Amino acid sequence: MVSTEIKDILATSASICTILQFLAGVLVCRKYIKNGTTGDSSSLAFITCYMSCSLWLRYGLLIGDSFVVLVNIFGTILQVCYVLIFILYSVKKSVTLKQFAAATCFLAVIYFYVAYETNKEIAAKYIGLISCSVTILFFASPLVMLTHVLRIKNTESLPFPVILASLIVSCQWFAYGCLINDQFIQMPNFMGCILSAFQLSLFCLYPNKRVDQTLLI
């Protein structure tokens, strides 16, 4: 009984934190609207997150987990809105449209497979594996920026609040995955914990020089 209560409290907390993390995209889109353009920004982060949320939504339905379902319904809708805003203000609309169309076609194939797969346990296994892979790729995307940070020995380009939020959310979902004994929820969030913790450690190794200069003045 206590274990169930702890599981529900943890899942609720993780869901709220995840939704707040998703809402961070509002600030990014607000910047695009204000500037009237997306500039050199890439839509891959939004599209990858859209794929991840859609896959986890289907996985949540297969295993009958309401927390996973609800948070990813919200995430999927929000990411679609972000992608549409990106397309509206993008200087390379055709590229973004092709990426979004390709992602949607891929998801359609997955959803059709699940619809016609009679063995739901096998379907859950495959969808869980695909969801893990996409989420790990999403978590690993900042590694490109990390090479730049390590080269210049400065963390100015890293978003501290976003990374901290990612660490908190990953830890919560990893703990939840352990409680319900679901390796597909455990694996990507364990990777998220490791990558987020590594990025946060860089703030200790390479403090923001701009901040240091401001403090000296």
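Scoring rules and cut-offs
Within any chain, residue numbers begin from 1 and follow the written order of that chain's sequence. pLDDT decides what is reported in this predicted model: residues at 70 or higher carry local features, side-chain atom pairs at 80 or more are listed and counted, and totals for whole chains, interfaces and linings draw on all residues regardless. Each side-chain value is worked out from all heavy atoms of the structure, with water and hydrogens disregarded. Secondary structure elements are taken from DSSP: a helix is a run of H or I of four residues or more, a strand is a run of E of two residues or more, and numbering for both begins at the N terminus. In this description the radius of gyration comes from C-alpha coordinates, and the expected globular size is given by 2.2 Å times residues to the power 0.38. Only protein chains enter the area calculation, which uses a 1.4 Å probe; residues under 20% of their type maximum are buried, those over 50% are exposed, and those in between are partly exposed. Whether two residues touch is decided by their heavy atoms; if any such pair falls within 4.5 Å, the residues are in contact. For accessible areas, the Shrake-Rupley method is used with a probe of radius 1.4 Å. Any residue's cover is judged against the shown protein chains and nothing else. Nonpolar core, defined: a set of buried Ala, Val, Leu, Ile, Met, Phe, Trp, Tyr and Cys residues in which side-chain atoms within 4.5 Å join the residues together. The axes used here are C-alpha line fits, helices contributing only the stretch in contact, and every angle between their N-to-C directions lies in the interval 0 to 180 degrees. Throughout, the term roughly parallel applies to angles under 35 degrees, roughly antiparallel to angles over 145, roughly perpendicular to angles from 65 to 115, and oblique to all others. Crossing handedness is read from the near helix: turned anticlockwise from the far helix by less than a right angle, it gives a left-handed crossing, and turned clockwise, a right-handed one. Just so you know the grouping, Ala, Val, Leu, Ile, Met, Phe, Trp, Tyr, Cys and Pro go in nonpolar, Asp, Glu, Lys and Arg go in charged, and all remaining residues, Gly too, go in polar. UniProt positions are given in the numbering used here, feature names are shortened, and annotations may be inferred rather than shown by experiment. By convention, a stacked pair of Phe, Tyr or Trp rings (six-membered ring in the case of Trp) has centres within 6.5 Å and planes under 30 degrees apart, an edge-to-face pair has planes over 60 apart, and any other such pair is tilted. Lysine and arginine charges are scored as sitting over a ring when NZ or CZ, respectively, is within 6 Å of the ring centre and within 35 degrees of the ring normal.

What follows concerns the overall build of the protein. Along its length, the protein carries 10 helices and 0 strands. Reading the protein from its N terminus to its C terminus gives the helix and strand order α-α-α-α-α-α-α-α-α-α. For 217 residues, the compact-globule formula gives about 17 Å, and the C-alpha radius of gyration of the protein, at 19 Å, lands near that figure. Each principal axis of the C-alpha distribution contributes one length, and for the protein these read about 65 × 45 × 25 Å. Looking at the protein as a whole, 40% of its 217 residues are labelled buried. Put simply, 78% of the contacts in the protein that link residues at least 6 apart link residues at least 24 apart. Of the roughly 12400 Å² of accessible surface on the protein, 71% is carried by carbon and sulfur atoms.

Moving on: the nonpolar core. The nonpolar side chains of a soluble globular protein tend to be buried, and buried together. If you look at the biggest cluster of nonpolar residues, it comprises 38 residues, and the most contacted ones within it are Phe46, Met51, Tyr59 and Trp173. Those elements giving two or more residues to this core turn out to be helix H1 (2-22), helix H2 (24-35), helix H3 (44-63), helix H4 (66-89), helix H5 (93-116), helix H6 (120-140), helix H8 (160-179) and helix H9 (183-205). Sorting elements by how many residues they give to this core places H3 first, with 10 residues. Setting aside anything within four residues of it in sequence, one finds tryptophan 173 in contact with Ala11, Ala14, Ser15, Thr18, Val68, Val71, Ile185 and Asn189.

Our focus in this paragraph is the packing of H8 against H9. Two numbers describe how H8 lies on H9: the axes approach to 8 Å, and their chain directions differ by 150°. By the angle between their directions, the pair H8 and H9 is classed as roughly antiparallel. Where H8 crosses over H9, the two elements pack in a sense that is left-handed. In this structure, H8 uses Phe160, Ile163, Leu164, Ser166, Leu167, Ser170, Cys171, Trp173, Phe174, Gly177 and Cys178 to contact H9, whose residues at the interface are Ile185, Gln186, Asn189, Phe190, Gly192, Cys193, Ser196, Ala197, Gln199, Leu200 and Phe203. Here the residues of the contact of H8 with H9 are counted per class, giving 14 nonpolar, 8 polar and no charged.

Per the UniProt record, the feature "transmembrane region" (unreviewed entry) sits at residues 6-29, 41-61, 67-88, 100-116, 122-146, 158-175 and 187-206. End C-alpha atoms of residues 6-29 are separated by 36 Å, and the span's content is 96% helix alongside 0% strand. Along residues 187-206 one finds 95% helix and 0% strand; the C-alpha atoms at either end are 29 Å apart.

Tracing the backbone through its elements, the reader meets glutamine 21 in helix H1. Judged by its relative accessible area of 25%, glutamine 21 is partly exposed. In this structure, the C-alpha to C-alpha distance between glutamine 21 and cysteine 193, residues 172 residues apart in sequence, is 15 Å. Glutamine 21 has contacts with Val162, Ala165, Ser166 and Val169, leaving out every residue within four places of it along the chain.

Among the secondary structure elements, serine 170 is positioned in helix H8. The exposure class of serine 170 is buried, given its relative accessible area of 1%. Setting aside its immediate chain neighbours within four residues, serine 170 contacts Phe139, Asn189, Gly192 and Cys193.

What follows covers the packing of aromatic side chains. Using the criterion set out here, one finds 10 aromatic pairs in the structure. Both rings, one in tyrosine 32 and one in phenylalanine 86, keep their centres 5.5 Å apart while their planes meet at 85°; by these two values the pair is edge-to-face. Highlighted residues: tyrosine 32 in helix H2 and phenylalanine 86 in helix H4, separated in sequence by 54 residues. Phenylalanine 86 carries the same exposure label as tyrosine 32, and that label is buried. Measuring from ring centre to ring centre gives 5.6 Å for phenylalanine 174 and phenylalanine 190, while their planes differ by 45°; the resulting arrangement is tilted. Taken as a pair, phenylalanine 174 in helix H8 and phenylalanine 190 in helix H9 lie far apart in primary sequence, 16 residues in all. Pairwise contacts between aromatic rings join Tyr32, Phe46, Tyr82 and Phe86 into one cluster. Sitting above the plane of the tyrosine 111 ring, arginine 58 keeps its charged end 5.8 Å from the centroid.

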